[in-house]
Amino acid sequence: MKTLIPPSKVFEMAFTNNECLPSGAVTAADIAAAERRWIRPALGAALHARLVDRPPSAPLDEPLAAAVALFTRALLQPRLDIHTDQMGTTSPGSSLIRRADERAMLRVRRELIRQAQLHLTTALEIIGAAPELYPEYRPQTAIRRVGGIIFG
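Here's a quick rundown of the structure. This one's a predicted model, so the numbers in the text were calculated from it and none came from an experiment.

What to know about the overall build of the protein chain
Argument step 1. Helix and strand counts for the protein chain come out as five helices and four strands.
Argument step 2. When the elements of the protein chain are put in sequence order from the N terminus, they spell out α-α-α-α-β-β-α-β-β.
Argument step 3. Residue burial in the protein chain is summarised as follows: out of 152 residues, 34% are buried.
Argument step 4. For the protein chain, the accessible area works out to roughly 9,300 Å², and carbon and sulfur atoms hold 57% of it.

Re the packing of helix H2 (residues 28-43) against helix H4 (residues 58-80)
Argument step 1. Contact pair H2 / H4: the axes reach a minimum separation of 8 Å and the direction vectors enclose 130°. Compared by their axis directions, H2 and H4 come out oblique. Both H2 and H4 take part in a crossing whose hand is right-handed. On the side of H2, the interface is formed by Asp30, Ile31, Ala33, Ala34, Glu35, Arg37, Trp38, Ile39 and Leu43, while H4 contributes Leu64, Ala67, Val68, Phe71, Thr72, Leu75, Leu76 and Arg79.
Argument step 2. Split by residue class, the contact of H2 with H4 holds twelve nonpolar, one polar and four charged.

Observations regarding the nonpolar core
Generally speaking, soluble globular proteins have nonpolar side chains that are buried together.
Argument step 1. Grouped together as the largest cluster of nonpolar side chains are 36 residues, with contacts concentrated most on Ile39, Leu64 and Phe71.
Argument step 2. When contributions to this core are tallied by element, the ones reaching two or more residues are helix H1 (7-14), H2, helix H3 (45-53), H4 and helix H5 (102-129).
Argument step 3. By residue number, the principal contributor to this core is H4, which donates ten residues.
Argument step 4. If we skip the residues at most four places from it in the chain, Leu64 touches Leu4, Ile39, Leu43, Leu51, Leu120 and Ala123.

Let's talk about the packing of aromatic side chains
Geometry of an aromatic ring pair is reported as the spacing of the ring centres plus the angle between the planes.
Argument step 1. Throughout the structure, instances matching the rule amount to two aromatic pairs.
Argument step 2. Measuring from centroid to centroid gives 5.8 Å for Phe11 and Phe15, while their planes differ by 40°, and the two rings are tilted.
Argument step 3. Classification of Phe15 by relative accessible area gives buried; the value is 9%.
Argument step 4. Note on Trp38 and Phe71: the rings are 4.6 Å apart at their centroids and 10° apart in plane angle, and the pair reads as stacked. Placement of Trp38 in helix H2 and of Phe71 in helix H4 is noted, with a sequence separation of 33 residues between them. Of the two residues, Trp38 and Phe71, neither departs from the other in class, the shared state being buried.

Topic: the environment of Ala66
Argument step 1. When you line up the elements, Ala66 lands in helix H4.
Argument step 2. Between the C-alpha atom of Ala66 and that of Met13, which follows or precedes it by 53 residues, the distance is 6.3 Å.
Argument step 3. Beyond its immediate stretch of four places on either side in the chain, Ala66 contacts Met13 and His119.

Topic: the environment of Phe15
Argument step 1. Here Phe15 is to be found in the loop between H1 and H2.
Argument step 2. Here the alpha-carbon distance between Phe15 and Ala69, two residues 54 residues apart in the chain, equals 9.0 Å.

What to know about the pattern of salt bridges
Argument step 1. Counted according to the given criterion, the structure contains seven salt bridges.
Argument step 2. In this structure, Glu12 and Lys9 form a salt bridge, with 3.4 Å as the shortest nitrogen-oxygen distance. Separated by three residues within a single helix, Glu12 and Lys9 lie in helix H1, roughly one turn from each other.
Argument step 3. In this structure, Arg73 and Glu19 form a salt bridge, with 2.7 Å as the shortest nitrogen-oxygen distance. A residue pair is termed long-range when its members are at least 10 positions apart, and Arg73 in helix H4 and Glu19 in the loop between H1 and H2 qualify at 54 residues.
Argument step 4. You can call Glu19 partly exposed: its relative accessible area is 28%.

Cut-offs and rules
- Residues numbered from 1 in each chain as written.
- Predicted model: local features only at pLDDT ≥ 70, side-chain atom pairs only at ≥ 80, totals over all residues.
- Heavy atoms only, no water.
- Helix = DSSP H or I, 4+ residues; strand = E, 2+ residues; numbered from the N terminus.
- Buried < 20%, exposed > 50% of the residue type's maximum accessible area, 1.4 Å probe, protein only.
- Areas by Shrake-Rupley, 256 points an atom, 1.4 Å probe, with all protein chains shown as cover.
- Axes fitted to C-alpha atoms, helices over the stretch in contact; angles between N-to-C directions.
- Parallel < 35°, antiparallel > 145°, perpendicular 65-115°, else oblique.
- Left-handed = near helix turned anticlockwise from the far one by under 90°.
- Contact = heavy atoms within 4.5 Å.
- Nonpolar A, V, L, I, M, F, W, Y, C, P; charged D, E, K, R; others polar.
- Core = buried A, V, L, I, M, F, W, Y, C linked by side-chain atoms within 4.5 Å.
- Phe/Tyr/Trp six-rings, centres within 6.5 Å; stacked < 30°, edge-to-face > 60°.
- Salt bridge = Lys/Arg side-chain N within 4 Å of Asp/Glu carboxyl O.

As far as function goes, none of this settles anything; it's purely spatial.
As structure tokens, then:
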């Protein structure tokens, strides 16, 4: 499965060094799902396909990679907030640690999406400023999700 960034880039850009994640916590399938939900509708299918198959492009790579990484984390965060094993699905924690409540977890996810949208906006501005480099981009048909609202 081809994606704009590898799982290692998601770890590097969307998680801090002190966050302990199990190996395989981020997969190419997770990244592909985030791209399908947020990135591909904004870029358009043709431009997304071309960017997946192209070598890196310096000005576009940083904001686009940051958007993909943060959207991927936003997609994963609910799964990271719970633990599933032979005992079933539980909330991780101990008697010494107080788990974040539902409202705090929702705020974190919303902030991840907000930050990702800012990076995506920057990437779209770079693309829009150079139509000769990105002829597949059609801003009039691009779809961007902002909260629960879809702008076309």
